[in-house]
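As a plain string of letters, each chain reads:
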Amino acid sequence: MNPLQARQLVIDVPGRPAGYPLNFTIGRGQMWGVLGPNGAGKTTLLHTLAGLRLPRQGEIFLGEQPLTALKRRAVARQMGLVFQERQDGFPASVLETALIGRHPWLAPWQMETDLDRRLAEQALQQLDVAHLSDRLVSTLSGGERQRVSIATVLTQNPDTWLLDEPTNHLDLHHQVAVMQLLRAQAAAGRAVFMCLHDLNLAARWCDHVLLLYPNGDACWGPAERMLVPAALERLYGQKLLTVEADGKPVFVPVPTTGEL
Ligand SMILES: Nc1ncnc2c1ncn2[C@@H]1O[C@H](COP(=O)(O)OP(=O)(O)OP(=O)(O)O)[C@@H](O)[C@H]1O
């Protein structure tokens, strides 16, 4: 796979005077979690890495080439993005939506083949939404819709997965199932980079973590070095209690008396 690399990257968060330049590589087999409070710029970073927003400074490389030098089709064959927000104004079934994942692999105007359809059906099965294949996506529950979005990227089969809060709307069982699927993707030599609000999901599943602070500061590295209570308390402005379960830290927020 071609690793995705941020070089001196400053994301363009409107109204933010400056930002700490980001220099990291999302390498083969890695699973990254991006943590930060609301408005810190997690979605902006994800969209910038996907080439959907221009950075204020610096560059993004996919392998040896700057992202800006690559055609969108070449990028879409290597990188998939699960968005936080979706517009379902256009009436499409669940299967038709998953098949969109095959578009980077088809010639313009080429119809999907039986193989494309089979890949989409397998992905829907893996995400436990195959029984909804004929339903309009606009009629799905939040969690079902989220799983269809992930199935669409699975159908696309990119080397690098970018995901904006992939466990949004998911019940506990499906959260674990999705994390296991992403872990399996990383274990198969791909890479995962996802924004998370749940510290404990990051502690349980991620081997690398990037902390994004509201003033633009950032730090990144191996999860065990990043997930230390003092840094996390500063990140969220929230006192935490740390316990250990199954060999991993579990962070519990401590209520502040007298505050909402
Ligand atoms: N088009 C825009 N115009 C003005 N401000 C914007 C625009 N897009 C994003 N912002 C601002 O940039 C900041 C970063 O937004 P972003 O969505 O990246 O944050 P986030 O860390 O993903 O937040 P959350 O945890 O709430 O999803 C926010 O303060 C947001 O209001």
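Criteria and thresholds
Residues numbered from 1 in each chain as written. Predicted model: local features only at pLDDT ≥ 70, side-chain atom pairs only at ≥ 80, totals over all residues. Heavy atoms only, no water. UniProt positions renumbered as here; feature names shortened; annotations may be inferred. Near = heavy atom within 4 Å. Polar contact = N/O pair within 3.5 Å; in protein donor to acceptor, adjacent residues only side chain to side chain. Areas by Shrake-Rupley, 256 points an atom, 1.4 Å probe, with all protein chains shown as cover. Nonpolar A, V, L, I, M, F, W, Y, C, P; charged D, E, K, R; others polar. Helix = DSSP H or I, 4+ residues; strand = E, 2+ residues; numbered from the N terminus. Contact = heavy atoms within 4.5 Å. Buried < 20%, exposed > 50% of the residue type's maximum accessible area, 1.4 Å probe, protein only. Patch = residues over 30% accessible without salt bridge, like charges linked within 9 Å, V, L, I, M, F, W, Y side chains within 5 Å. Salt bridge = Lys/Arg side-chain N within 4 Å of Asp/Glu carboxyl O. Pairing = 2+ DSSP bridges. Axes fitted to C-alpha atoms, helices over the stretch in contact; angles between N-to-C directions. Phe/Tyr/Trp six-rings, centres within 6.5 Å; stacked < 30°, edge-to-face > 60°. Lys NZ or Arg CZ within 6 Å of the ring centre and 35° of its normal.

Looking at an unreviewed UniProt entry, the protein chain carries the name ABC transporter, with the source organism given as Marinobacter profundi. In its Function (unreviewed entry) section, UniProt records this for the protein chain: "Part of the ABC transporter complex HmuTUV involved in hemin import. Responsible for energy coupling to the transport system."

Section: the site of the ligand
Taken together, 14 residues surround the ligand, and among them Gly 39, Gly 41, Lys 42, Thr 43 and Thr 44 come closest. At 2.7 Å from an oxygen atom of the ligand is found a side-chain nitrogen or oxygen belonging to Lys 42. Contacts to the ligand include His 197, whose side-chain N or O atom sits 3.1 Å from an oxygen atom. Bound to the protein, the ligand loses 56% of the 640 Å² it would expose on its own. Here the residues of the shell around the ligand are counted per class, giving four nonpolar, seven polar and three charged.

Describing the environment of Ala 245
Checked against the element boundaries, Ala 245 lands in strand β11 (residues 240–245). For the pair Ala 245 and Arg 204, spaced 41 residues apart in sequence, the C-alpha to C-alpha distance is 9.6 Å.

Description of the side chain of Arg 102
Locating Arg 102 in the fold gives a position in the loop between α3 (94–99) and α4 (114–126). In this structure, Arg 102 is in contact with Asp 116, Leu 119, Thr 155 and Gln 156, ignoring residues within four places of it in sequence.

Points about the UniProt feature "domain: ABC transporter" (unreviewed entry) in the protein chain
Residues given the UniProt feature "domain: ABC transporter" (unreviewed entry) here are residues 4–239. Between the C-alpha atoms that bound residues 4–239 there is a distance of 34 Å. The span itself is 36% helix and 21% strand.

Structural notes on unusual backbone geometry
Glycine aside, a negative phi is what most residues show, and trans is what most peptide bonds show. One non-glycine residue, Gln 8, lies in the positive phi region at around 50°. Within the secondary structure, Gln 8 is located in strand β1 (residues 4–10). Owing to a relative accessible area of 40%, Gln 8 belongs among the partly exposed residues under this scheme. In this structure, Asn 157 takes a positive phi of about 60° despite not being glycine. With respect to the helices, strands and loops of the structure, Asn 157 is situated in the loop between α5 (142–156) and β7 (160–164).

Regarding a nonpolar patch on the surface
A cluster of nonpolar residues, Leu 241, Val 243 and Val 252, forms a patch on the protein surface that exposes about 220 Å² of accessible area. Mapped onto the secondary structure, Val 243 falls in strand β11.

Considerations on the sheet that holds strand β3 (residues 31–35)
Spatially, six strands are ordered β6-β7-β8-β3-β9-β10 in an open sheet, and the strand pairing comes out mixed. Each having just a single partner strand, β6 (79–82) and β10 (218–222) make up the two edges of the open sheet. With strand direction ignored, the average angle separating the axes of adjacent strands in the sheet is 15°. Where strand β9 (residues 208–212) and β10 come together, five bridges link them in antiparallel fashion. The partner of His 208 across the bridge, within β10, is Pro 222. Each of β3 and β9 touches helix α9 (residues 229–236); the most contacted strand, β9, lies at about 40° to it.

Some details on the packing of aromatic side chains
A complete count under the given rule lists five aromatic pairs for this structure. Ring geometry for Trp 32 and Phe 193: centres 5.9 Å apart, planes at 40°, overall tilted. Of this pair, Trp 32 sits in strand β3 while Phe 193 sits in strand β8 (residues 191–195), and the two are 161 residues apart along the sequence. Taking the relative accessible area as the measure of exposure, Trp 32 reaches 2% and is therefore buried. Three or more aromatic residues link up through ring pairs in this structure, and these residues are Tyr 20, Phe 24, Trp 32, Phe 193 and Trp 220. Here the guanidinium or amino end of Arg 7 rests over the ring plane of Phe 61, the centre of that ring lying 3.6 Å away. The aromatic ring of Tyr 213 is capped on one face by Arg 234, whose charged end is 4.0 Å from the ring centroid.

Some thoughts on the environment of Gln 110
Residue position: Gln 110 is located in the loop between α3 and α4. Accessibility expressed as a relative area gives 37% for Gln 110, which makes it partly exposed. Distance from Gln 110 to Leu 99, taken between C-alpha atoms, is 13 Å for residues 11 residues apart in sequence. Looking at Gln 110, its side chain comes within polar contact range of the main-chain nitrogen of Ala 107, at 2.8 Å.

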